[in-house]
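Below are the chains, spelled out letter by letter.
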Amino acid sequence: MKKKNELKEEESAITADSTVSTETTVSTLIQKDVICDNLLTQAIYRIIFCVISGLACILSLKFFTNVTDGTAGFTISHNFWQYYTNLSNYYCFGIGIAVCASTIKKLRRGEKTGYNTCAPTLKFCGVVMIMVTFLVYNCYLGKPSSLNFWNSLGNISYHVVAPILFIVDFFIFDKHKQIKILDPIKATFMPLGYVVYILIYGAICRAANLNFEYPYPFLNVDKLGYGGVIGWIAMLVVAFIAVGYLLFLYDKLVKKDGKWKLDFTNLKLW
(Lines give C-alpha, C1' and ligand atoms only; values in the text may rest on other atoms or scores of the structure.)
Protein backbone atom coordinates (compact mmCIF):
# COMPACT_ATOMS: atom_id res chain seq x y z
CA MET A 1 0.00 0.00 0.00
CA LYS A 2 2.84 2.35 0.89
CA LYS A 3 4.53 1.70 -2.43
CA LYS A 4 1.29 2.43 -4.29
CA ASN A 5 0.82 5.69 -2.37
CA GLU A 6 4.42 6.67 -3.06
CA LEU A 7 3.94 5.96 -6.78
CA LYS A 8 0.77 8.07 -6.82
CA GLU A 9 2.57 10.94 -5.08
CA GLU A 10 5.44 10.73 -7.59
CA GLU A 11 2.96 10.77 -10.51
CA SER A 12 1.16 13.77 -9.00
CA ALA A 13 4.48 15.59 -8.57
CA ILE A 14 5.46 14.86 -12.19
CA THR A 15 2.04 16.06 -13.43
CA ALA A 16 2.31 19.25 -11.38
CA ASP A 17 5.83 19.91 -12.68
CA SER A 18 4.62 19.29 -16.23
CA THR A 19 1.70 21.70 -15.76
CA VAL A 20 3.97 24.41 -14.36
CA SER A 21 6.43 23.84 -17.20
CA THR A 22 3.65 24.10 -19.79
CA GLU A 23 2.25 27.28 -18.22
CA THR A 24 5.75 28.77 -18.12
CA THR A 25 6.30 27.89 -21.78
CA VAL A 26 2.96 29.44 -22.81
CA SER A 27 3.69 32.53 -20.75
CA THR A 28 7.13 32.81 -22.34
CA LEU A 29 5.66 32.51 -25.83
CA ILE A 30 3.14 35.23 -25.06
CA GLN A 31 5.89 37.50 -23.74
CA LYS A 32 7.89 36.93 -26.90
CA ASP A 33 5.05 37.95 -29.20
CA VAL A 34 3.25 40.68 -27.21
CA ILE A 35 4.77 43.73 -25.57
CA CYS A 36 2.06 43.89 -22.90
CA ASP A 37 -0.06 40.78 -22.32
CA ASN A 38 -1.86 41.97 -19.17
CA LEU A 39 -5.58 41.75 -19.99
CA LEU A 40 -6.64 44.20 -17.28
CA THR A 41 -4.29 46.84 -18.67
CA GLN A 42 -5.61 46.13 -22.16
CA ALA A 43 -9.23 46.42 -21.02
CA ILE A 44 -8.66 49.78 -19.26
CA TYR A 45 -6.79 51.18 -22.26
CA ARG A 46 -9.48 49.99 -24.69
CA ILE A 47 -12.31 51.43 -22.59
CA ILE A 48 -10.52 54.79 -22.67
CA PHE A 49 -10.12 54.48 -26.44
CA CYS A 50 -13.81 53.65 -26.93
CA VAL A 51 -14.87 56.69 -24.89
CA ILE A 52 -12.58 59.07 -26.81
CA SER A 53 -13.33 57.47 -30.19
CA GLY A 54 -17.07 57.59 -29.46
CA LEU A 55 -16.73 61.30 -28.65
CA ALA A 56 -14.82 61.82 -31.91
CA CYS A 57 -17.60 60.10 -33.87
CA ILE A 58 -20.24 62.30 -32.22
CA LEU A 59 -18.24 65.46 -32.87
CA SER A 60 -17.79 64.45 -36.53
CA LEU A 61 -21.54 64.94 -36.93
CA LYS A 62 -20.96 68.63 -36.15
CA PHE A 63 -23.49 68.80 -33.33
CA PHE A 64 -21.62 71.74 -31.81
CA THR A 65 -20.94 74.53 -34.29
CA ASN A 66 -19.61 78.07 -33.91
CA VAL A 67 -18.88 77.55 -30.22
CA THR A 68 -16.13 80.18 -30.15
CA ASP A 69 -18.37 83.11 -31.20
CA GLY A 70 -21.13 82.30 -28.72
CA THR A 71 -23.70 81.11 -31.26
CA ALA A 72 -23.45 77.40 -30.61
CA GLY A 73 -25.85 75.29 -32.61
CA PHE A 74 -26.97 71.68 -32.59
CA THR A 75 -27.60 71.00 -36.25
CA ILE A 76 -26.19 67.79 -37.74
CA SER A 77 -23.79 68.20 -40.65
CA HIS A 78 -25.48 67.15 -43.88
CA ASN A 79 -22.27 65.87 -45.47
CA PHE A 80 -20.44 64.14 -42.59
CA TRP A 81 -20.61 60.83 -44.49
CA GLN A 82 -18.59 62.27 -47.40
CA TYR A 83 -15.36 62.55 -45.41
CA TYR A 84 -12.90 59.66 -45.30
CA THR A 85 -11.67 60.90 -41.91
CA ASN A 86 -15.11 60.35 -40.42
CA LEU A 87 -15.66 56.96 -42.07
CA SER A 88 -12.26 55.64 -40.96
CA ASN A 89 -12.97 56.81 -37.40
CA TYR A 90 -16.38 55.07 -37.44
CA TYR A 91 -14.69 51.89 -38.64
CA CYS A 92 -12.03 51.99 -35.92
CA PHE A 93 -14.64 52.76 -33.26
CA GLY A 94 -16.62 49.66 -34.29
CA ILE A 95 -13.50 47.47 -34.25
CA GLY A 96 -12.48 49.02 -30.92
CA ILE A 97 -15.84 48.15 -29.34
CA ALA A 98 -15.59 44.53 -30.54
CA VAL A 99 -11.98 44.13 -29.34
CA CYS A 100 -12.76 45.75 -25.97
CA ALA A 101 -15.77 43.46 -25.46
CA SER A 102 -13.61 40.43 -26.31
CA THR A 103 -10.97 41.52 -23.78
CA ILE A 104 -13.53 42.01 -21.01
CA LYS A 105 -15.04 38.62 -21.80
CA LYS A 106 -11.63 36.98 -21.29
CA LEU A 107 -11.23 38.76 -17.95
CA ARG A 108 -14.63 37.52 -16.82
CA ARG A 109 -13.52 33.97 -17.65
CA GLY A 110 -10.66 34.41 -15.20
CA GLU A 111 -7.88 34.91 -17.76
CA LYS A 112 -5.14 37.34 -16.76
CA THR A 113 -2.81 37.36 -19.75
CA GLY A 114 -3.37 37.13 -23.49
CA TYR A 115 -3.70 39.06 -26.71
CA ASN A 116 -6.37 40.18 -29.16
CA THR A 117 -8.03 37.35 -31.09
CA CYS A 118 -11.00 39.38 -32.33
CA ALA A 119 -10.83 40.02 -36.11
CA PRO A 120 -7.06 40.71 -36.27
CA THR A 121 -7.11 41.24 -40.05
CA LEU A 122 -9.94 43.77 -39.88
CA LYS A 123 -8.18 45.53 -37.03
CA PHE A 124 -4.93 45.65 -39.04
CA CYS A 125 -6.81 47.21 -41.98
CA GLY A 126 -8.21 49.79 -39.57
CA VAL A 127 -4.71 50.61 -38.30
CA VAL A 128 -3.47 51.23 -41.85
CA MET A 129 -6.55 53.32 -42.71
CA ILE A 130 -6.42 55.51 -39.60
CA MET A 131 -2.63 55.90 -39.81
CA VAL A 132 -2.94 57.29 -43.34
CA THR A 133 -5.77 59.55 -42.12
CA PHE A 134 -3.48 60.83 -39.36
CA LEU A 135 -0.46 61.35 -41.63
CA VAL A 136 -2.28 62.94 -44.60
CA TYR A 137 -4.25 65.38 -42.46
CA ASN A 138 -1.46 66.39 -40.09
CA CYS A 139 1.24 66.57 -42.76
CA TYR A 140 -0.74 67.93 -45.74
CA LEU A 141 -4.32 69.06 -45.13
CA GLY A 142 -4.19 70.43 -41.59
CA LYS A 143 -1.99 73.06 -39.99
CA PRO A 144 -0.75 71.72 -36.63
CA SER A 145 1.45 74.80 -36.25
CA SER A 146 -1.60 77.11 -36.07
CA LEU A 147 -3.55 77.82 -32.89
CA ASN A 148 -6.89 77.15 -34.61
CA PHE A 149 -5.86 73.54 -35.17
CA TRP A 150 -5.79 72.95 -31.40
CA ASN A 151 -8.87 75.05 -30.60
CA SER A 152 -11.29 72.47 -32.02
CA LEU A 153 -12.10 69.51 -29.77
CA GLY A 154 -13.48 67.61 -32.75
CA ASN A 155 -10.37 68.21 -34.83
CA ILE A 156 -8.08 67.01 -32.02
CA SER A 157 -10.20 63.95 -31.22
CA TYR A 158 -10.74 62.47 -34.71
CA HIS A 159 -7.52 63.67 -36.37
CA VAL A 160 -5.04 63.19 -33.52
CA VAL A 161 -6.01 61.47 -30.27
CA ALA A 162 -8.32 58.66 -31.46
CA PRO A 163 -6.00 57.64 -34.35
CA ILE A 164 -2.93 57.59 -32.08
CA LEU A 165 -4.71 55.50 -29.42
CA PHE A 166 -5.87 52.95 -32.01
CA ILE A 167 -2.40 52.68 -33.56
CA VAL A 168 -0.65 52.34 -30.18
CA ASP A 169 -3.08 49.54 -29.22
CA PHE A 170 -1.85 47.55 -32.23
CA PHE A 171 1.81 48.11 -31.38
CA ILE A 172 1.56 47.24 -27.69
CA PHE A 173 -1.25 44.72 -27.22
CA ASP A 174 -1.53 42.70 -30.44
CA LYS A 175 0.27 39.38 -30.86
CA HIS A 176 2.94 39.30 -33.53
CA LYS A 177 2.97 36.82 -36.42
CA GLN A 178 -0.74 37.33 -37.19
CA ILE A 179 -0.60 39.49 -40.32
CA LYS A 180 -0.76 37.66 -43.66
CA ILE A 181 1.30 38.55 -46.74
CA LEU A 182 -1.58 40.16 -48.65
CA ASP A 183 -3.21 41.93 -45.69
CA PRO A 184 -1.58 45.29 -46.62
CA ILE A 185 -3.24 44.97 -50.03
CA LYS A 186 -6.59 44.24 -48.36
CA ALA A 187 -6.20 47.47 -46.40
CA THR A 188 -6.61 49.44 -49.65
CA PHE A 189 -10.00 47.93 -50.55
CA MET A 190 -12.18 50.17 -48.36
CA PRO A 191 -10.32 53.43 -49.18
CA LEU A 192 -10.57 52.63 -52.91
CA GLY A 193 -14.26 51.87 -52.47
CA TYR A 194 -14.65 55.28 -50.83
CA VAL A 195 -12.91 57.00 -53.76
CA VAL A 196 -15.12 55.24 -56.32
CA TYR A 197 -18.21 56.19 -54.32
CA ILE A 198 -17.24 59.88 -54.08
CA LEU A 199 -16.38 60.12 -57.78
CA ILE A 200 -19.66 58.49 -58.82
CA TYR A 201 -21.65 60.65 -56.40
CA GLY A 202 -19.86 63.79 -57.66
CA ALA A 203 -20.50 62.84 -61.31
CA ILE A 204 -24.21 62.34 -60.61
CA CYS A 205 -24.44 65.70 -58.83
CA ARG A 206 -22.65 67.46 -61.67
CA ALA A 207 -24.90 65.79 -64.28
CA ALA A 208 -27.97 66.88 -62.34
CA ASN A 209 -26.59 70.41 -61.79
CA LEU A 210 -26.67 69.90 -58.03
CA ASN A 211 -24.40 71.81 -55.68
CA PHE A 212 -21.58 69.47 -54.68
CA GLU A 213 -18.17 70.23 -53.22
CA TYR A 214 -15.53 67.51 -53.30
CA PRO A 215 -14.42 66.76 -49.72
CA TYR A 216 -10.68 66.77 -50.48
CA PRO A 217 -8.57 68.79 -52.97
CA PHE A 218 -6.97 65.62 -54.40
CA LEU A 219 -10.46 64.32 -55.31
CA ASN A 220 -11.58 67.56 -56.97
CA VAL A 221 -12.35 66.51 -60.54
CA ASP A 222 -13.40 70.06 -61.45
CA LYS A 223 -9.88 71.38 -60.82
CA LEU A 224 -7.66 68.35 -61.46
CA GLY A 225 -9.67 66.41 -64.02
CA TYR A 226 -9.99 62.64 -63.77
CA GLY A 227 -6.37 62.18 -64.86
CA GLY A 228 -5.10 64.36 -62.02
CA VAL A 229 -7.32 62.62 -59.47
CA ILE A 230 -6.15 59.18 -60.64
CA GLY A 231 -2.54 60.36 -60.26
CA TRP A 232 -3.22 61.43 -56.67
CA ILE A 233 -5.04 58.20 -55.88
CA ALA A 234 -2.15 56.17 -57.28
CA MET A 235 0.25 57.96 -54.93
CA LEU A 236 -2.05 57.45 -51.96
CA VAL A 237 -2.47 53.75 -52.75
CA VAL A 238 1.33 53.42 -52.79
CA ALA A 239 1.38 55.20 -49.41
CA PHE A 240 -1.27 52.81 -48.03
CA ILE A 241 0.64 49.75 -49.22
CA ALA A 242 3.97 51.12 -47.93
CA VAL A 243 2.50 51.78 -44.48
CA GLY A 244 0.88 48.34 -44.55
CA TYR A 245 4.11 46.52 -45.29
CA LEU A 246 6.04 48.51 -42.68
CA LEU A 247 3.46 47.30 -40.16
CA PHE A 248 3.78 43.82 -41.68
CA LEU A 249 7.51 43.88 -40.91
CA TYR A 250 6.81 45.05 -37.37
CA ASP A 251 4.36 42.16 -36.99
CA LYS A 252 7.16 39.72 -37.86
CA LEU A 253 9.36 40.92 -34.98
CA VAL A 254 9.63 38.18 -32.36
CA LYS A 255 11.66 38.23 -29.16
CA LYS A 256 14.20 35.40 -29.10
CA ASP A 257 16.98 35.06 -26.53
CA GLY A 258 16.21 38.53 -25.22
CA LYS A 259 16.47 40.16 -28.65
CA TRP A 260 13.82 41.22 -31.17
CA LYS A 261 14.36 39.50 -34.52
CA LEU A 262 12.42 39.25 -37.79
CA ASP A 263 10.77 35.86 -38.16
CA PHE A 264 9.26 35.00 -41.56
CA THR A 265 8.49 31.35 -40.82
CA ASN A 266 4.95 29.95 -41.27
CA LEU A 267 3.77 32.86 -43.41
CA LYS A 268 0.20 32.80 -44.72
CA LEU A 269 -0.74 34.38 -48.04
CA TRP A 270 -4.40 35.35 -47.65
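Higher on the page you've got the structure.
Residues numbered from 1 in each chain as written. Predicted model: local features only at pLDDT ≥ 70, side-chain atom pairs only at ≥ 80, totals over all residues. Heavy atoms only, no water.

Draft legend 1. Representation of helix α2 (residues 39-59) in the model. Its 21 residues place the ends of α2 30 Å apart at the C-alpha level, agreeing with the 30 Å of an ideal helix rising 1.5 Å per residue. Turning to α2, its buried residues are Leu39, Gln42, Ala43, Tyr45, Arg46, Phe49, Cys50, Ser53, Gly54, Ala56, Cys57 and Leu59. Looking at the buried side of α2, the elements it contacts are α3 (84-108), α4 (120-141) and α6 (153-173). Two or three places before Leu40, at the start of α2, stands the capping residue Asn38, its side-chain oxygen 3.0 Å from that residue's backbone nitrogen. (Helix = DSSP H or I, 4+ residues; strand = E, 2+ residues; numbered from the N terminus. Expected span 1.5 Å × (residues − 1). Buried < 20%, exposed > 50% of the residue type's maximum accessible area, 1.4 Å probe, protein only. Contact = heavy atoms within 4.5 Å. Polar contact = N/O pair within 3.5 Å; in protein donor to acceptor, adjacent residues only side chain to side chain.)

Draft legend 2. Representation of the nonpolar core within the structure. Among the nonpolar cores identified, the biggest contains 45 residues, and Val128, Phe166, Phe170, Tyr194, Leu219 and Leu247 are the most heavily contacted of them. Elements supplying a minimum of two residues to this core: α2, α3, α4, α6, α8 (189-207) and α9 (221-251). (Core = buried A, V, L, I, M, F, W, Y, C linked by side-chain atoms within 4.5 Å.)

Draft legend 3. Local environment of the side chain of Gln82. Along the chain, Gln82 turns up in the loop between α2 and α3. In this structure, Gln82 is in contact with Tyr194, Ile198, Tyr201, Phe212, Glu213 and Pro215, ignoring residues within four places of it in sequence.

Draft legend 4. Examining the packing of aromatic side chains more closely. Considering all chains together, one arrives at 20 aromatic pairs under this definition. Three or more aromatic residues link up through ring pairs in this structure, and these residues are Trp81, Tyr197, Tyr201, Phe212 and Tyr214. Cation over ring: Lys186 sits above Trp270, and NZ or CZ is 4.4 Å from the ring centre. (Phe/Tyr/Trp six-rings, centres within 6.5 Å; stacked < 30°, edge-to-face > 60°. Lys NZ or Arg CZ within 6 Å of the ring centre and 35° of its normal.)

Draft legend 5. Geometry of the pairing of strand β1 (residues 253-256). Pairing between β1 and strand β2 (residues 259-262): four bridges, direction antiparallel. Within β2, the position partnered with Lys255 by the bridge is Trp260. Linking β1 back to β2 in an antiparallel pair, the connection comprises two residues, with Asp257 at a positive phi of about 55 degrees. (Pairing = 2+ DSSP bridges.)

Function cannot be read off these values alone, since they describe shape.
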